[in-house]
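Below, each chain spelled out in residue letters.
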Amino acid sequence: MTRRLTDIELLRELEPVAEENVNRHLAMAKDWHPHDFVPWDDGRNFAALGGVDWDPEQSSLSETAKAAMITNLLTEDNLPSYHREIAEHFGFDGAWGTWVGRWTAEENKHSIVMRDYLVVTRGVDPVALENARMEHMTNGFAPGATSMLDSVSYVTFQELATRVSHRNTGKACGDPIADRMLARVAADENLHMMFYRNIVEGALDIAPDQALEAVVRILTNFQMPGASMAGFRRNAVLIAKGGIYDLRQHLDDVVQPVLRKWRIFERTDFGARGEDLREQLDRFLVDLEAQAVRFEESRDRALARQARREEKVDA
């Protein structure tokens, strides 16, 4: 039986991969500034400074866009929990420490620009948003990662899921400024995903069975980081029905592309444990496909019923 590597051994073995990908990230990342994506002319004082407080009529966002923006922003807000997660597993030395600092700074930029946009445009209730931020950040978030491989496996899928969600939210807002802003944020998330994805790929070459075990454990128990926030279930339903992020996108746009990049079902270097895990993963994917089909059929029926009701109202 192949000896399991400790987290310290994995960090040491994967240090060249981390250094290569930190340098790659720094070369590819584009400088941008949150203030350039906020329509400041749309802003005005709230009641505390002699203006008018928020009213629902002031928002131009649909209920779906509001749910997505709030969920995405509160997810970005919980950065201290995510920073703690990767810092505990990566440490602060060498390329790992450089990445922890750079990633944290870039993620913080996302929450800055999204909050500024929502407050200036009065897209959502700023008091409710702040109360939700306080609650969500106080509770924190733990993805259930118990090892360095768990952590990098989780953030690989999570960063790609976040990219998909941001991109589709921008389109759902019906505002070209929001669309540009969230496209910029999504581009960052894609680069983050590539870093973590390449670390897992390196781990699969060094310790294939051990790395696959982490991937399967994370995928079969996957939850988005917003799962612990108040109102998440309601918002997740709106987001899914609105085509922003649903099971089909999770499977086709997040899970499958990453597994293909890692060549999970083509590799020939798994041992007996790895082969068992691969069969378990295959069964999980078949079940996820069935769930996605059932969701799509249910959503199509609901949309058809809604369309019929609207036709009767218009008649």
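In this text the structure is predicted, and so the values were computed from the model without any measurement. Counting starts from 1 at the beginning of each chain's written sequence and moves along it residue by residue. Predicted model: local features are reported for residues with pLDDT of at least 70 only, side-chain atom pairs are reported and counted for 80 or more only, and whole-chain, interface and lining totals are derived from all residues. The basis for the side-chain values is all heavy atoms of the structure; hydrogens and waters are excluded.

Explain helix α7 (residues 176-206) to me, and be specific about the residues and the numbers.
Only DSSP runs of H or I covering at least 4 residues are called helices, and only runs of E covering at least 2 are called strands; the numbering of each starts at the N terminus. By this rule the span expected of a helix is its residue count minus one, scaled by 1.5 Å. Taking 1.5 Å of rise per residue, 31 residues should cover 45 Å, and α7 covers 45 Å from first to last C-alpha, within 8% of that figure. Polar contact criterion, stated in full: a pair of N or O atoms within 3.5 Å, where within protein one must be able to donate a hydrogen and the other to accept it, and residues adjacent in sequence count only if both atoms are side-chain atoms. One side-chain oxygen of the residue at the start of α7 lies 3.0 Å from the amide nitrogen of Ile 177, identifying that residue as Asp 175.

Mind laying out the nonpolar core, listing which residues take part and the relevant values?
A general trend in soluble globular proteins is that nonpolar side chains are found buried together. One finds Phe 90, Met 148, Phe 157, Tyr 196, Leu 259 and Trp 262 to be the most contacted residues of the largest nonpolar core, which totals 62 residues. Elements with a minimum of two residues in this core: α1 (7-28), α3 (79-90), α4 (94-121), α6 (148-172), α7, α8 (208-220), α10 (247-262) and α11 (272-314). In this structure Trp 262 touches Thr 156, Phe 157, Arg 197, Val 200, Glu 201, Leu 204, Val 215 and Arg 267, once residues within four positions along its chain are discounted. In plain words, nonpolar cores are sets of buried Ala, Val, Leu, Ile, Met, Phe, Trp, Tyr and Cys residues tied together by side-chain atoms within 4.5 Å. Using a 1.4 Å probe on the protein chains alone, a residue whose accessible area is under 20% of its type maximum counts as buried, one over 50% counts as exposed, and one in between counts as partly exposed. Counting residues in hydrophobic clusters, the runner-up holds 21 residues, among them Met 69, Leu 74, Leu 118 and Val 124. Only heavy atoms enter the contact rule, under which two residues are in contact if any of them lie within 4.5 Å.

Which residues make up the packing of aromatic side chains, and what values go with them?
Two rings from Phe, Tyr or Trp (for Trp, the six-membered ring) form a pair when their centres are within 6.5 Å of each other. A pair whose planes differ by under 30 degrees is stacked, one over 60 is edge-to-face, and the rest are tilted. In the structure shown here, the tally under the stated rule is nine aromatic pairs. With a centroid separation of 5.5 Å and 85° between ring planes, the pair formed by Trp 32 and Phe 37 is classed as edge-to-face. We note that Trp 32, like Phe 37, is buried. The rings of Phe 90, Trp 96, Trp 99, Trp 103, Phe 195 and Tyr 196 are connected pair by pair, giving a single aromatic cluster. One residue, Arg 122, lies across the ring of Phe 46, its end atom 3.9 Å from the ring centre. In this analysis the charged atom, NZ for Lys or CZ for Arg, is taken to sit over a ring once it is within 6 Å of the ring centre and within 35 degrees of the ring normal.

Mind laying out the pattern of salt bridges, listing which residues take part and the relevant values?
Counted as salt bridges are all cases of a side-chain nitrogen of Lys or Arg within 4 Å of a carboxyl oxygen of Asp or Glu. In the structure shown here, the tally under the stated rule is 19 salt bridges. Here Asp 150 and Arg 217 are joined by a salt bridge, their closest N and O atoms 2.9 Å apart. In this pair, Asp 150 sits in helix α6 while Arg 217 sits in helix α8, placing the two residues 67 residues apart along the sequence. The structure contains a network of salt bridges with shared partners spanning Arg 4, Asp 150, Glu 213, Arg 217 and Arg 273.

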